[in-house]
Structure formats: C-alpha cells, structure tokens
Amino acid sequence: MERTPCIDPTTDPAIATQTEPTSTRRGVGLWRSHDRRVIAGIAGGLSERFGIDPVYVRASFVALGMAGGFGVFAYLLLWTAADQERPPDAVVRRARPRHDLGTLSIVLGIMLMLRSTGIWLGDGVVWPVALVALGSSVIWSRNDDGGAWNRFASAATNAESPGRTGLVRLALGGVLVVAGVGIFIAGSSALPQTGGAVVAVVITGLGVGLILGPWMVRQAQQLTQERHERIRSQERAEVAAHLHDSVLQTLAMIQRSDSSRRMISLARSQERELRAWLYGADDQQADRLQPMFEDVAARIEQRYDLPVELVVVGDMLVDDQVRALSAAAYEALQNAARHSQADTVSMYVEVEPAHVTVFVRDEGKGFDPRAIPDDRRGIDESIRGRMSRHGGVATVRSEPGSGTEIELQLPREHTR
Amino acid sequence: MIRVFLVDDHRLFLSGVKSELRVGFEVVGTASDVDTAISGIRRTRPDVVLLDVHMPGGGGRTVIEAISEERPETQFLALSVSDAAEDVIAIVRAGARGYVTKSISPAELTDAIRRVHDGDAVFSPRLAGFVLDAFASDAIQPVDPELDQLTNREREVLRHIARGFTYKVIAQRLHISVKTVETHVSAVLRKLQLSNRHELTRWATDRRLV
C-alpha cells in the first residue's frame, strides 16, 4: 500500500493544506477505498481522504440516513462522483486511533462498577471531579504539534494562527471544567456558609489553574528558550565582531598588498592573533615566559614585516631576569630585521632546570663581529650589557655571508 | 617518480599543494575525510601520504592506524596548521614519519616528501620543540632510561632543528655526517613512537591535554 508522509488534518488544517499536493484537488478528490470497503468503499475513501476513523464516517451516514434518508442519498451521490481507484498521487491520511475514547469508556465503566458496589464518595463529588478531569485532559492532551494551548499561545505571540480543532478542544475542555466546578459548588451549597465560600473560591481557583496551567508552563518554557537564544546570538555577534575587526580586515589588506613579504607578515600576525584569541591566553598566563616571548615575536613581525619562527620549550614564571632576557631577545630580533636582509628569523627559547637559553638566528648577510663601528651600541649595550647585568651571557656568532646567531643564556638558580 | 596521496579537508590548500607537486611527483589521489582517505589509499597504493592532522571523522591518526598495518611500505608525513602539541605528538606516535607545518615553503615540502620516501624522519623546528618539551629533562622519572630517554647527542640535534638549521648545517656544526643526523632523528622518532612512559602522560596531564 502506498504511503505518503501525512499530517493529520484534524489537528492542524493550516499545515495540512500547505503540504497537500494540489493535484489531489482535481475533480472531487475522492475515491472509493479498496481496503476499507463495506458497501462501495465510499466511507473508507472519505476516511482515507480526511483521516477520520471510518467508523465515524459510517455512523454519520447511518445517522443521516435515519434523518429522512439524507445519508443514503449522499452516499449514492458520492458513489457516482468518486473515482473508481485511488489516484496514484493522492495523499492518504491515516485515521488517528481513538485511544482517548476507549480510555474514557473504560474509566466510565469502572466508575459505574464502583458506584454499584458502594465504594463511592457520593455523586456530588465524583461526577464534578470526573468532569473537571475530563475537561482538563481535553485541554492538556498534547498531540504531535503540541496541543491546543501551544497553538493558542503561539497565536497570541503573533506566530501561526491556532488550529480550529485546537480552539474547539480548548473551548470544550474549558466548558467541561467550568461545569464540573459549578456542579460541585452547587452541590456543596449545604456546607456552612463561610467554609463553603472558601471551598468554592479554592475549587474555582483550581479549575482556572487547570485551564490556564498548560499555557503558563508554555510561557515559562518560551521565556527560557528566548533567553538561551538571546545568549547564543550575543555570542555569535561577538565572534562576528571579532572576525570582522581582525580576520576580515587582514584579508582585505592582503588583497590590496602587492608585496609578498608584507602579505606573509600580515597573514602571520593575523594567525598569531587569531590563535591567541581562539585558544585563550588567559590572565594567569600573562606572567609566564611563553606568552611573553610570543608577544616579543609578534611585536617584531608587526613592526618590521619580518616573519619570526618561534619555538619555545618549557615554561616558567616571569621575573626581572626573564624580562631582561626578553628585552635582549627583542633587541637581537630588531638587529636582524634592520641589518640582516633575511626573509625570516627564528627564535628558539628553552627553559632548563639550570638556565634559560634563547637563540635568535637569521640566514641574512651576516657581519664581522670584530668590525662593528663604535657608534653601534646595540649589541654591546642592549644585548651584552643587559645580559651581564642580570648574570647572563650573550654570544654572537656571525660571518659575512652566512647569517647571524645570537645566543642568550641566563642562569636561573634563584628562580626555581 | 614518487606517488603521493594528499589528505586534507581544506580544498584550497589541497589544490595548492597539488600544483606545487607537479614536478617530480605523481599525485595519485586526494581525499578530504577519513573514510575516503582510507579507501583511496587502499586503491591507489601511494608511496607517501601527506596527511592533515585534523579532519572530519577521526583525524589523520585514524588513517595511519587503518593503513599502516596492511601497507607498512606506505610512509606518512603529517602536515598541519595545528599548533597543539598533543595533536602532533599523537600523530607521530601513531606512525607518521615526520611532521611539517602548513607554513612550510614549497621547496621545503618537496624536500620533506623525498626524505620521508627515502625512509628518513622529517622534523620541523616546531616538532623538535614539542619533542624536547615532551622529553623535558626535569621530568625524569626513569622507568626504562635506556629505551626512552634521549641521548645528549639526540637532544643536541633536536635543539638545532628547533633553532631552524637544516640537516646539512647541523652536520657541519656538530662535525658529523648528514647521514648521522638523520640516524639521530630517526632514533628520536622511534623513541617517540615507542615511548609509553610516564613522561608523556605527565607532560600531557600537566597541560590538561588528557
């Protein structure tokens, strides 16, 4: 049997008409059912077409038939109008099994049985309570699409319109609850005057609660959901803002740049920044060696458009000595950027138990360390002097034509 | 002609590398997720697989684990934009012959593929840094020192790689042959792959990686 995905029209006609293929509207759009045939399959066809239990359809025909033979006439009319076979593209709606009616009958039966055996609180209590229970269950019952109140609530918040059957159920349930409450109050008017009023108010309150309960629950859920969504969209906005300020700007600059070295350094500095943002250099790392040297490398890259290949092994807390070391390393990188004409420079930092070592190396043009003019104080003062003031050593290895390497070594006996 | 298979989930990067390998290599296939990578490698039987560390469906490590037993002659070179040491160490321990970062120049990349194909290990400065970190000397809790600890020479070689020297220059500076440098690097790689000692675990735990 062909099964097309179907939506129960009794719960939401609005959606059903949307998804229904227009081709089924040709002709009367009715067919004689092959599988649910009693006489000619008209009731079965109607059932398949509209998703109503065939028993109801047949009962209606019978009832209408008793009412002046109209049902018989209608049946015959439809018989002549209907297609012999179900059109291949027709949407078959399966009738929802009426568990609720079955359950209702069983409960009713048990209650009557209990009543006859004498286990009973009295007609004045049981029947109203049963009515209220039935009414609230009609309202509360949740179908696939979330029940009557949900649709009513979403209509109130300006979403889709509530389903007609939903409103019917809401009204029916409300009437049942009100009737139950009313009967109870009327039946218990024999109660003492003051106590009776209080009970009446409490009972009425309970009834109103039963009617409004689902709606309030729904409202609370909606509020939570809205708050979550607001938080999510705020986060997304933050990410978008950051990407715009950083990555998108850099990409734009790269497109406008005609120097490949400038492009590389832009890309590298952006990469560094994005990594720091993604993997979070949090506050407690601010006083550690690794982020400090990453910062040194980043500053050089930005200022001189010179890519710095940084490798750090080990980590430690920053003290004055380490700060001096990083300042000396910055100076060494700066020299490489200014004088070496190298394309990249690499910096290697290693923290060992006994000392911290930094190597700054380039493959640039190099120089003769003995032939530095006296006015160049960079290496002597900023590197050698700074290192020796903090108990360290700076070694410069360079030869014209084969690059430069500066080694900075700092003992760390006090820093353990 | 070295037959290369490329695995990367970034198509832009994939096509870039593919065009860089036009001369002297034959790119026999590409894949951008773990499953197609495994089936593609089985089908094309490449010499070298260039492998991204992070991919949908398990990452490069899964590919190595699936292939290396049935085809031990296939070499893997990890190629990653990842800065995270644990990714890199994990993929090398799974059996990759080397690791290079994606910022590597085309010339260095082709050189790395050739070296991996010849059976050598290829360490980028970054990987050398990670390995030194993993075997950090102040983390010594010897369980099996003969097997796991790096020798001074190996440490020295790694340090030079981390400082950005080529194997050739390292050989000159340490007065050894390039072949010896490669032997040391291979030994480090083997120790890294064999190493199951506490250091790596502790190292990872310290960094909240496991």
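Right above here is the structure, for reference.
Now for a look at the structure at hand. (Residues numbered from 1 in each chain as written. Chains lettered and ligands numbered in written order. Predicted model: local features only at pLDDT ≥ 70, side-chain atom pairs only at ≥ 80, totals over all residues. Heavy atoms only, no water.)

We now examine the sheet that holds strand E1 (residues 308–313) of chain A. All names here are of chain A. On the basis of which strands lie adjacent, the open sheet formed by five strands has the order E1-E2-E3-E5-E4 and mixed pairing. Looking along the sheet, the strands with just one partner apiece sit at the ends: E1 and strand E4 (393–398). Adjacent strand axes in the sheet meet at a mean angle of 10°, parallel and antiparallel pairs treated alike. Note: E4 against strand E5 (residues 404–411), six bridges, orientation antiparallel. Bridging across to E5, Ser398 finds its partner in Thr404. (Pairing = 2+ DSSP bridges. Helix = DSSP H or I, 4+ residues; strand = E, 2+ residues; numbered from the N terminus. Axes fitted to C-alpha atoms, helices over the stretch in contact; angles between N-to-C directions.)

Here we take up the packing of helix H6 (residues 125–134) of chain B against helix H8 (residues 152–162) of chain B. All names here are of chain B. Running from amino to carboxyl end, H6 crosses H8 at an angle of 140°, the nearest separation of the two axes being 7 Å. Taken together, the axis directions place H6 and H8 in an arrangement best described as oblique. Crossing of H6 against H8: the hand is left-handed. On H8, the residues that touch Pro125, Ala128, Gly129, Val131 and Leu132 of H6 are Arg155, Leu158, Arg159, Ile161 and Ala162. For the contact of H6 with H8, the residue count by class is seven nonpolar, one polar and two charged. (Parallel < 35°, antiparallel > 145°, perpendicular 65-115°, else oblique. Left-handed = near helix turned anticlockwise from the far one by under 90°. Contact = heavy atoms within 4.5 Å. Nonpolar A, V, L, I, M, F, W, Y, C, P; charged D, E, K, R; others polar.)

A word on the environment of Thr62 of chain B. Residue and element names in this part refer to chain B. Looking at where Thr62 falls in the secondary structure, it is placed in helix H3 (residues 60–67). Here Thr62 falls in the partly exposed class, since its relative accessible area comes to 30%. A sequence separation of 27 residues divides Thr62 from Asp35, and the C-alpha atoms of the two residues are 9.3 Å apart. When near neighbours in sequence (up to four residues on either side) are disregarded, Thr62 contacts Val34, Ile38 and Gly57. (Buried < 20%, exposed > 50% of the residue type's maximum accessible area, 1.4 Å probe, protein only.)

This part takes up the environment of His390 of chain A. All names here are of chain A. Relative to the helices and strands, His390 resides in the loop between helix H13 (378–389) and E4. Given a relative accessible area of 28%, His390 falls into the partly exposed group. Excluding its chain neighbours within four sequence positions, the residues that come into contact with His390 are Asp320, Gln321, Ala324 and Leu410.

What follows is about the pattern of salt bridges. Applying the stated criterion across every chain, the model contains 22 salt bridges over all chains. The residue Arg397 of chain A makes a salt bridge to Glu407 of chain A at a minimum N-O spacing of 2.4 Å. One end of the pair, Arg397 of chain A, is in strand E4; the other, Glu407 of chain A, is in strand E5, with 10 residues separating them in the sequence. Residue Arg397 of chain A is classed as partly exposed on the basis of its relative accessible area of 32%. Shared partners join several salt bridges into a network, and the residues in it are Arg397, Glu405 and Glu407 of chain A together with Arg163 and Arg173 of chain B. (Salt bridge = Lys/Arg side-chain N within 4 Å of Asp/Glu carboxyl O.)

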